[in-house]
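Reading the structure
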Amino acid sequence: TIDPGAPDASTAPGEDATVDAAEPGLHLLGRGLMTSAADVAADPSRDLVAVSGFFGENLVLFDVADPRNPKQLADITIGYNSDVQFKGELLYVNHERVGNGFDIYDTSDPSNPSLVKAVGQEAGTLALADCHNIWPQPDRELLYCASTSTGELVILSTGDTGAGSPIDPAFVVSLSSPRGGIGVHDMYAAGNRLFVAFLDGGLVIYDITNPASPQLIGERRYSNNFTHNVWPDKTGDYLFTTDETIGGTLRVWDIRDLENIAEVASYGQNDGAVIHNVEVVGDRAYVSYYTEGVVVLDVSDPTSPTRIDGDDFIDGPDVIDGEFFSALHGAWGVEPVPPLVY
């Protein structure tokens, strides 16, 4: 939890906690153990959390009605996966290995999730040979997949265009980086705006009023850009991005003038660590920061992000001998459902 009224940080998971309403901050409540894990998604309406098993090649669902004692409901082998997203009772799960695309699971019975559709190249594009990140748009019937093997962003309709359904998405269009380079990595869409992280291609913003014909309305490249993920603030006036490099930072962009997107702030934990993802809820930004764990920032003033607290649960150096991949362990994903953080 991150709010006052949380248990004392020294309380072990599963034990009764002493509440100190005067002590704000991040406090450990409970743990659910897995062989390996990457991303996490929550459905608070059902006290349900899904965790991708990453190299463990499994998917695990937890009952978190008692956050001090998460209970494993299901553990199924599905292959190498890293990103999970709920939309209603459907769970969308990516596949990293080329040829597998992504899966759609029915979790109406969370103790027995059932595969309802495996989506791959038969959907109409080679870019669905794999899917590094997946995003079911909360307020429209659209679905997005970032293909590592092709570098393309794939847009699918789950009913928005009159084609497809939540359990049988229809291919709409695929987008390449307007500046070339490595290609797409992650995305966030809300309303008629699509924000895309194109790694060395920087950040790009599209108008998706017509999802079959996205219009590029803003882009920003910058020195040493490696734009890894994107997330707007609550007003839609500012955009948060992360650069997944040694010493890379969280950046805040003023996007009110799309012809002059301006960096207005940045935050870095230390020069040796690698930042991963940011999610913004209300006035707080929640950052998964690999070896630096989870960092929570006050962004009530987006031009001045201020650390509230964090949980650095990896001992030892952030990076060994300057080797990038040595820093990629610790907190991969973070899912804020205030006052809880998974």
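Anything mentioned here points back to the structure above.
Sequence order as written defines residue numbering, which begins from 1 separately in each chain. In keeping with the model being predicted, local features are shown solely for residues with a pLDDT of at least 70 and side-chain atom pairs are shown and tallied solely at 80 or more, while totals for entire chains, interfaces and linings include all residues. The side-chain figures draw on all heavy atoms in the structure; neither hydrogens nor water molecules are used.

1. Observations regarding empty space enclosed by the protein
Any residue with an atom within 4 Å of a point lines the site, the site being either a cavity, points on a 1 Å grid over the protein atoms alone where a 1.4 Å probe fits but cannot get out, or a pocket, an open set with protein on both sides within 12 Å along at least 5 of 7 lines. Grid points are joined across faces, edges and corners, and a volume is the space filled by probe spheres set on the points. One pass over the structure, following the stated rule, counts one cavity of 30 Å³ or more. Taken as a whole, the largest cavity encloses approximately 210 Å³ of empty space. The wall of the largest cavity is formed by 22 residues, among which Asp 83, Gln 85, Asn 133, Asp 186 and Asn 277 lie closest to the centre. Ranked by the residues each element gives to the lining of the largest cavity, the list is headed by strand β17 (residues 227–232), at four residues. Three residue categories are used. Nonpolar comprises Ala, Val, Leu, Ile, Met, Phe, Trp, Tyr, Cys and Pro, charged comprises Asp, Glu, Lys and Arg, and polar comprises the others, including Gly. Among the residues making up the lining of the largest cavity, the classes are represented as eight nonpolar, ten polar and four charged. What counts as a helix is a DSSP run of H or I of at least four residues, what counts as a strand is a run of E of at least two, and both are numbered from the N terminus.

2. Concerning the layout of surface pockets
Of the voids in this model, the second largest pocket is the one considered here, and its volume is about 400 Å³. Along the wall of the second largest pocket there are 19 residues; nearest its centre are Gln 85, Trp 135, Pro 138, Trp 231 and Glu 335. Looking at the lining of the second largest pocket, the elements with two or more residues in it are β1 (40–43), β5 (84–87), β9 (133–136) and β21 (277–281). Examining the composition of the lining of the second largest pocket, we find that four residues originate from one element, β5, more than from any other. Tallied by class, the residues present in the lining of the second largest pocket amount to 13 nonpolar, two polar and four charged.

3. Regarding the side chain of Asn 225
Note on placement: Asn 225 falls in the loop between β16 (215–220) and β17. Identification of polar contacts relies on pairs of N or O atoms within 3.5 Å, with a donor-acceptor requirement for protein atoms, meaning one able to donate a hydrogen and the other able to accept it, and with residues adjacent in sequence counted only if both atoms are side-chain atoms. Within polar-contact distance, the side chain of Asn 225 engages the backbone nitrogen of Tyr 222 at 2.9 Å. Contacts were defined at the residue level, with two residues in contact if any of their heavy atoms lie within 4.5 Å. The residues touching Asn 225, leaving out its near neighbours within four places in the chain, are Leu 199, Asp 200, Gly 202 and Asp 243.

4. With respect to the state of the cysteines
One covalent bond between the sulfur atoms of two cysteine residues makes up a disulfide. The definition used for a disulfide is geometric: two cysteine sulfur atoms within 2.5 Å. Under the criterion given, the structure shown has one disulfide. Put simply, Cys 131 and Cys 145 are joined by a disulfide, and their sulfur atoms are 2.5 Å apart. One end of the pair, Cys 131, is in the loop between β8 (114–119) and β9; the other, Cys 145, is in strand β10 (residues 142–146), and 14 residues separate them in sequence. Of the two residues, Cys 131 and Cys 145, neither departs from the other in class, the shared state being buried. Accessible area is worked out with a 1.4 Å probe on protein chains only. A residue is then buried under 20% of its type maximum, exposed over 50%, and partly exposed in between.

5. Digging into the sheet that holds strand β6 (residues 90–94)
Two strands form a pair only when DSSP identifies at least two bridges running between them. The strand order β5-β6-β7-β8 describes an open sheet built from four strands, whose pairing is antiparallel. The open sheet terminates on both sides in strands that have one partner only, identified here as β5 and β8. Each adjacent strand pair in this sheet contributes to an overall mean axis angle of 25°, direction not counted. In terms of strand pairing, β6 meets strand β7 (residues 102–106) through five bridges, oriented antiparallel. Bridge pairing in β7 links Tyr 92 to Ile 104. For every element, the axis is a line fit to its C-alpha atoms; helices are fit only across the contacting stretch, and the angle between N-to-C directions ranges from 0 to 180 degrees.

Remember that the coordinates give geometry; whether it matters functionally is a separate question.
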